[in-house]
Amino acid sequence: MSLAELICPAGTPAALRTAVDAGADAVYCGFQDTTNARNFPGLNFTPDELAEAVAYAHTRGTKVLLALNTYPPAGKVDLWQQAADTGARLGVDAFIVADMGVADYIARTYPGIRLHLSVQAAASSPEAIRYYCENLGVKRVVLPRILTIPEIRQIRSEIPCEIETFIFGNHGLMVERRCSLTNYLTGQSTNMDGVCSPASDVEYVRDADGSMSSQLAGFTIDRFGPEEKAGYPTICKGRYTAPHRPEGYYAFEEPVSLNLSRLLPELIEAGVHAFKIEGRQRSKSYVRGVVRAFRAAVDDIKAGHEANIADLIALTEGQKQTQGAFDTKKWR
Amino acid sequence: MTPTSEPTARLRPGEGAIARLACLVLQPVLTRVVRRVAARHPSLFARLGPHQATDFLIDPVELPFALHLRPDPQALVFRAVPRDAAPQAGATIRGRFLLLLELIDAEQDGDAAFFSRDLEVSGDTEAVVRLRNALDDMDGSLAEETSAMFGPAGRAVLARLRRAYPDATKPQEYA
């Protein structure tokens, strides 16, 4: 049986303490800059805050993983290298990286610190994953959310490192790391600036009938009826009209969250080492609720009991959930 | 970014006078609360960044007044305002009163409340996101701290308030 570690999100020091207290095996977080893919206003850690967070977590036996999972613009790697230097000095347990240059710097400079390959690296074949393991010493790969459980089991048998999969949260996969939709409208890059739909470009407009429109950089990307559930203001989950679909439809993806709680036993049996909960941008309330639910479920399974899965639908985007490609390639 | 409009709820006859009286009565409490929060949680101002100077309108849909917040540490503003006298705000946050309180106390998740449409935001979204993240980094319960400031009577009011709001129900708005 795998270790079935729970990897939990923290956007603030208070959220990190909440995750630790709720039973996280490891917490992942980032600095207040473009070196991570949740570079949102008012979110993330200063170096001083991270130092305190590492101490809090380590005292309680929890690991801290530092997300450096964006791509530096060509030739501008200083910020990522400085972030790695700071993380190493503060004693983080692993770096989550996407860019080969960043990975190479860490592998050469801090060979004693684990490297985890971010989902943003989009490594989904045994050949690609082995390349990262053999050349950069990667110890764990976070798999893109495009694989079925049999495919994960097969990959596990062909690679020399641990596997981490997402298990709950935002399900904006598209082709991981290659999404340029935000960049197209706002000029800011999800992959290099760490911002998908930057808040400064988002506006919600309430209409007289109680409907609400989501706008990004002045473009309306969805309109929700008075009683309709809403989703994030991301272009990939926008609803559009087209000549053949005048009623409006989700052209790319739907507002829906991943929830693999019912597949946990199969994923553990397939050899997945760690389960990632998405949501560094979410509140302490979300962190507390989701981490507690999955802690209890994983502990039940490891003890040989049937997992009692808490209902997390209220925390899902659009109050809808899916098992996505993990269940079937026919998804979407 | 478009400044937000005034709160959408309309007043019934006579409610204007009630709202003004309620604002007068509440003001000393609000002043005490905001000063205490600022003193106990100074780090929240850093997360607000440039939006320390933003005017937020917090609009509890079922109350006859709104709350005006400008989280400037040098000149804090937190006051109850009758809806017809509300200032033009940079950002407005609208929902039932206890939901707003529970969001501050991390008893509820803001994204989930947004998905369910129980929470509405308008105006400068970055300002709202910064305020949300700043408040979410506070430890402890603002509701508990505030009620404790007024002793057993304060705690009784909070308990009564919580009993009055079953979780799954939305209160009637002024219409």
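Residues numbered from 1 in each chain as written. Chains lettered and ligands numbered in written order. Predicted model: local features only at pLDDT ≥ 70, side-chain atom pairs only at ≥ 80, totals over all residues. Heavy atoms only, no water.

S.K.: Honestly, the overall build of chain B in this entry has me stumped. Any pointers?
M.R.: Counting its regular elements, chain B contains 7 helices and 5 strands. For chain B, the α and β elements follow one another from N to C terminus as α-α-β-β-β-β-α-α-β-α-α-α. Buried positions account for 55% of the 175 residues belonging to chain B. Counted over contacts in chain B with a minimum sequence separation of 6, partners at least 24 positions apart contribute 69%. (Helix = DSSP H or I, 4+ residues; strand = E, 2+ residues; numbered from the N terminus. Buried < 20%, exposed > 50% of the residue type's maximum accessible area, 1.4 Å probe, protein only. Contact = heavy atoms within 4.5 Å.)

S.K.: Sorry, what's going on with the sheet that holds strand β1 (residues 56–60) of chain B here?
M.R.: For sheets, the rule is that strands pair by backbone hydrogen bonds, running either parallel or antiparallel. Residues and elements named next belong to chain B. Pairing in this open sheet of 5 strands is mixed, and the strands run β3-β2-β1-β4-β5 from one edge to the other. Only two strands of the sheet have a single neighbouring strand rather than two, namely β3 (77–82) and β5 (120–123). Each neighbouring strand pair of the sheet contributes to a mean axis angle of 20 degrees, computed without reference to strand direction. With 4 bridges connecting them, strand β4 (residues 91–95) and β5 associate as antiparallel partners. Residue threonine 92 lies in a different strand from β5, and its bridge partner there is serine 122. Against the sheet, helix α3 (residues 97–104) makes contact with β1 and β4, and its axis sits at roughly 130 degrees relative to β1, the strand it touches most. (Pairing = 2+ DSSP bridges. Axes fitted to C-alpha atoms, helices over the stretch in contact; angles between N-to-C directions.)

S.K.: What am I meant to see in unusual backbone geometry here?
M.R.: Excluding glycine, most residues fall at negative phi; most peptide bonds, likewise, are trans. Positive phi outside glycine occurs at A:Ser197, with the angle close to 50 degrees. With a phi angle near 75 degrees, B:Arg117 is a residue other than glycine that sits in the positive phi range. In this fold, B:Arg117 is placed in the loop between α4 (110–115) and β5.

S.K.: Quick question: what am I supposed to make of the side chain of B:Thr146 here?
M.R.: Here B:Thr146 lies in helix α6 (residues 142–149). Here B:Leu142 takes part through its backbone oxygen, which lies 2.7 Å from a polar atom of the side chain of B:Thr146. (Polar contact = N/O pair within 3.5 Å; in protein donor to acceptor, adjacent residues only side chain to side chain.)

S.K.: For this particular structure, what's the right way to read the pairing of strand β7 (residues 162–170) of chain A?
M.R.: Successive residues of a regular strand alternate their side chains across the two faces of the sheet. All names here are of chain A. Of all 9 residues in β7, 8 are buried; the element is thus mostly enclosed. With 3 bridges connecting them, strand β6 (residues 140–142) and β7 associate as parallel partners. Paired with valine 142 across the two strands is glutamate 164, which belongs to β7. Pairing between β7 and strand β14 (residues 274–277): 4 bridges, direction parallel. Bridge pairing links glutamate 164 to alanine 274 in β14. In terms of strand pairing, β7 meets strand β13 (residues 257–259) through 3 bridges, oriented antiparallel. Looking at the pairing, glycine 169 lines up with leucine 258 of β13.

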